[in-house]
Structure formats: C-alpha cells, structure tokens
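Structural description and commentary
Now for the letters of each chain:
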Amino acid sequence: MKLNEIIKKIEPLDELAKQNCRKRWDSIAKPLYSLGKLEEVIVQISGITKSHKVKLDKRALVIMCADNGVVEEGVTQVGSEITAIVSENFMDMNSCVCVMAQQAAVDVYPIDIGIMRDTKVPNRKVAYGTKNIRYEPAMTREQAVQAIEVGIETVFELKEKGYHILATGEMGIGNTTTSSAVSSVLLELSPEVVTGKGAGLSDTGLEKKRKVIAEAIELHKPDKNDPIDVLAKVGGFDIAGLAGVYLGAAAAKIPVVMDGFISAAAALAAVGIEPEVIHYIIPSHVSKESGGKRLLDALGKEPFLTCDMCLGEGTGAVALFPLLDMALEVYLKMSTFEEIEIEAYQPL
Ligand SMILES: Cc1cc2ncn([C@H]3O[C@H](COP(=O)(O)O)[C@@H](O)[C@H]3O)c2cc1C
Ligand SMILES: O=C(O)c1cccnc1
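Residues numbered from 1 in each chain as written. Chains lettered and ligands numbered in written order. Predicted model: local features only at pLDDT ≥ 70, side-chain atom pairs only at ≥ 80, totals over all residues.

For the protein, an unreviewed UniProt entry supplies the name Nicotinate-nucleotide--dimethylbenzimidazole phosphoribosyltransferase and the organism Anaeromicropila populeti. For the record of the protein, the UniProt heading Sequence similarities (unreviewed entry) holds the text "Belongs to the CobT family." For the record of the protein, the UniProt heading Catalytic activity (unreviewed entry) holds the text "5,6-dimethylbenzimidazole + nicotinate beta-D-ribonucleotide = alpha-ribazole 5'-phosphate + nicotinate + H(+)". (UniProt positions renumbered as here; feature names shortened; annotations may be inferred.)

Following this line, the structure appears as structure tokens:
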C-alpha cells in the first residue's frame, strides 16, 4: 500500500455520526456531560467510524519492534540483544503489556520491523537495525517510507480481521534516544528538554545521551517541515512503523489509542505528514519520560491517565481500555430520561 495513495483517503470525521452520538449521551439519565472525556471519546469514535453505534469488542495492540544503531554510543542501560528477547516474549504472552492486555481483552500483534537478528516475531523487517545516527543517517528515505507502509498495511490487515480499535506500542532498546531526537527537531526544543533516562540511565549516561542526540541533529540537519526526512535521519524503524499505523488508521477509519513518549513522537511525525490524522488518535496516558507532556501539548491532546508510567510496549494505551469499556457500557445500556420518566436537563 503506497503512502501517497493512503494520504488521499484520509477524510475529516463524520459530523452527523458525532451529533447522533452526542444526542444519545444527552438523553441518558445522568447530569449532562458528567462523564467528561469519557463521553467525548465515544463521540470521537462515532465520528471516526461514521456510526453512533459504537463497537469496541475486538481490539488489537500493534507493537513495532526494532533495533537502533545508536545503542553503540552507550545511551542505554542494557544492550540491543534485549530487544529480540522481549519481542519474542510477546509471542509467548510473557511481558508487562501482555499481562495487561489479557486483562483488558486486547489481542497483541508484535511485528519485527527491524530487530538486528532473525526472530520468531512476524517478519516485516526493513533491515537488521538502523545505522548509528551519531555518524550516519538512521536509514534511507526509501526505508523510512517502507517502514511507514509496513504500519499502514498492518492496520488494513487488522481491519480485515474485524478489529474495531487499535493501540500502539513498541519495543526497541535505544528508542527513547531516537524519539527524543525526533521530538527535539519537530518541537524545535533542545535535546536537554526532551531527553530523559528512558529505561534507566545514570546521570552521566543521560548527559552522554543528550550530547549524542545534539551531535546527530547537528550532523544530519533534518528538515523539521519534512517528517519523513526527520524519521530517516534520526528516527527508527519502530517510530516510522508507528507513524504508518496512525496514517493507516485514519485512512481505514479505525480509532487508534496512542501509548507514551515513543508512540507520541511517532504521532507527531504522522500528523506532520497529514494533519487530519490527529482526529483519529485517542490519547491514553502522559509518559513520565521528559518530553512526554510536551508531545501531548503539541498534539493538542489531554491524557486520560496520569500514572507516572514510562514502560512502553503499549502499556499506557492498554490501560485505557477498561475505562473505554465502562464509558461504552453506560452509553449503550443506561436508561434515558424518557425511560425513567423524568424531564431532561437543559444544557446550560
Ligand atoms: C527489559 C526491558 C523491557 C522493556 N519493555 C519496554 N521497554 C522500553 O524501554 C526501551 C526504551 O528505553 P531505552 O531508550 O532506554 O532503551 C524500549 O524498548 C521501550 O519499549 C523495555 C526496556 C527493557 C530494558
Ligand atoms: O513513554 C514511553 O513510551 C517510554 C518511556 C521510557 C521507556 N520506554 C518507553
């Protein structure tokens, strides 16, 4: 599926479906608007799916798994070999997000979009890891587009399987370095501000990480007005793949729940490629990682959850599903004012 053709398919949300959904909320016997963002998110999903008959029965988490050459620079607490190990554990439902996903009835779809060795994870490899951004661009522009297209194709395959809603996750040692680099360029903020300790780093390690990011940006001069250039020069296959998931979701008219810092950096790139994508994205939590809040602000999204999480894998996104389920149960099952024979509140 070609990126250019997919972009052409992306439309504004359906206003009529949103209005019908709002009407249903307003008829429910409770104080108007009192479920706040939980009402708004169901309205958003109506607009995305062009129907006020919202269904969230089948849900999938896409986990983009890839390695990053920049790990050679000592910007992480653990080595690249951990990416493959954790990614293969997803296949056995043995990771934090898998446990949470089972609880929330979310199916887990890890994808090997660029792990540095062969794995048992479904193979959509663009390459065996990216180049070290301190010295070379992470990937070619063609590879960035290819990774985006892997994300797009994944969405259409899941839509075909009947999924109603998707969530984003990733696994890739070193990907808070690449996400911070992408964020620094796209937000026009110094690496100091948007770079944190990722999966754990000493203070000296953090200093080095910021320096490496600053040097990579200085060397490659990514064009902030061209998110594909930014992804190619200082991003990763996982981030580009996730950008493709957002673009694909918008084209396929399927809502997508965004996880934390890395997922938000990918979202910012996707929205830079096609601004309309923003309406198809549902935020979940605010990552504790430096830059997490700034990315949400730049996307104009408020988090549902503030739990100081910074784990990745899609954990924050999956954590939102029980809340979405409760919102939808009220929306679908609650009595209306008419049914319990009291006069409806008038909007103020
Ligand atoms: C065992 C382990 C499991 C993980 N699961 C997610 N991450 C998270 O940490 C990584 C990013 O942090 P950094 O940039 O510091 O490497 C990503 O893989 C992210 O998903 C993990 C990290 C580790 C070590
Ligand atoms: O918020 C995230 O996505 C995150 C933060 C730190 C480490 N891994 C992921």
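Bringing the UniProt feature "active site" (unreviewed entry) in the protein into the picture now. UniProt's entry tags Glu313 with the feature "active site" (unreviewed entry), counted in the numbering of this structure. Within the secondary structure, Glu313 sits in the loop between helix 13 (292-299) and helix 14 (315-319). You can call Glu313 buried: it has 27 C-beta atoms within 10 Å. The contact partners of Glu313, leaving out residues within four places of it in the chain, are Ile63, Ser95, Cys96, Val97, Gly169 and Met171. (Helix = DSSP H or I, 4+ residues; strand = E, 2+ residues; numbered from the N terminus. Buried ≥ 20, exposed ≤ 12 C-beta atoms within 10 Å, placed from the backbone. Contact = placed C-beta atoms within 7 Å.)

This brings us to the site of ligand 1. Around ligand 1 sit 17 residues, and of these Thr76, Thr176, Gly198, Ala199 and Gly312 come closest. At the level of secondary structure, the elements contributing two or more residues to the shell around ligand 1 comprise helix 4 (81-91), strand 3 (165-171) and helix 7 (175-187). Per-element tally for the shell around ligand 1: the top contributor is helix 7, with three residues. The residue makeup of the shell around ligand 1, split by class, is seven nonpolar, eight polar and two charged. (Near = placed C-beta within 6 Å. Nonpolar A, V, L, I, M, F, W, Y, C, P; charged D, E, K, R; others polar.)

In the neighbourhood of ligand 2, 13 residues make up the surrounding shell, with Gly260, Phe261, Ser287, Cys310 and Gly312 lying closest. In the shell around ligand 2, the residues fall into five nonpolar, six polar and two charged.

Here we take up unusual backbone geometry. Phi angles above zero are rare outside glycine, and Asp308 is one such case at about 60°. As for its placement among the helices and strands, Asp308 is situated in the loop between helix 13 and helix 14. Even without glycine at this site, Glu313 takes up a positive phi of about 65°.

A few words now on the nonpolar core. Formed by 113 residues in total, the largest nonpolar core has its most connected members in Leu61, Leu166, Ala243, Tyr246, Val256 and Ala269. Examining the composition of this core, we find that 12 residues originate from one element, helix 11 (residues 237-252), more than from any other. Setting aside residues up to four positions removed in sequence, Leu166 forms contacts with Ala60, Val62, Val155, Leu158, Val245, Ala249, Ile254 and Val256. (Core = buried A, V, L, I, M, F, W, Y, C linked by C-beta atoms within 7 Å.)

Taking strand neighbours across the sheet as the criterion, the five strands line up as 2-1-3-4-5 in an open arrangement whose pairing is parallel. Two strands in the sheet have a free side with no partner beyond their single neighbour: strand 2 (107-114) and strand 5 (281-282). As defined by bridge partners, strand 4 (residues 256-257) adjoins strand 5 across two bridges and the pair is classed as parallel. Residue pairing in the sheet places Val256 in a bridge with Ile281 of strand 5. On top of the sheet, helix 5 (residues 96-103) reaches strand 1 (59-66), strand 2 and strand 3; it is set at about 150° to strand 2, its chief contact. (Pairing = 2+ DSSP bridges. Axes fitted to C-alpha atoms, helices over the stretch in contact; angles between N-to-C directions.)

Here helix 6 (residues 141-160) spans 29 Å end to end across 20 residues, near enough to the 28 Å set by a 1.5 Å rise per residue. Taken from the residues just after helix 6, Gly162 is the one with a positive phi, measuring 95°. (Expected span 1.5 Å × (residues − 1).)

Confidence in the prediction of the protein, expressed as mean pLDDT, is 97, and 99% of residues score 70 or more. This complex was scored by the predictor with a pTM of 0.98 and an ipTM of 0.99. (pLDDT = per-residue confidence, 0-100.)

Looking now at helix 3 (residues 37-49). Because the α-helix completes a turn every 3.6 residues, residues three or four places apart line up on one side. Helix length check: helix 3 (13 residues) gives 18 Å between terminal C-alpha atoms against 18 Å at 1.5 Å per residue, within 8%. Among all positions in helix 3, only Glu39, Val41, Ile42, Val43, Gln44, Ile45, Ser46, Gly47 and Ile48 are buried. Turning to helix 3, the residues buried within the fold contact helix 2 (15-27), strand 5 and helix 15 (321-333). In the segment just after helix 3, Lys50 is the residue with positive phi, at about 60°.

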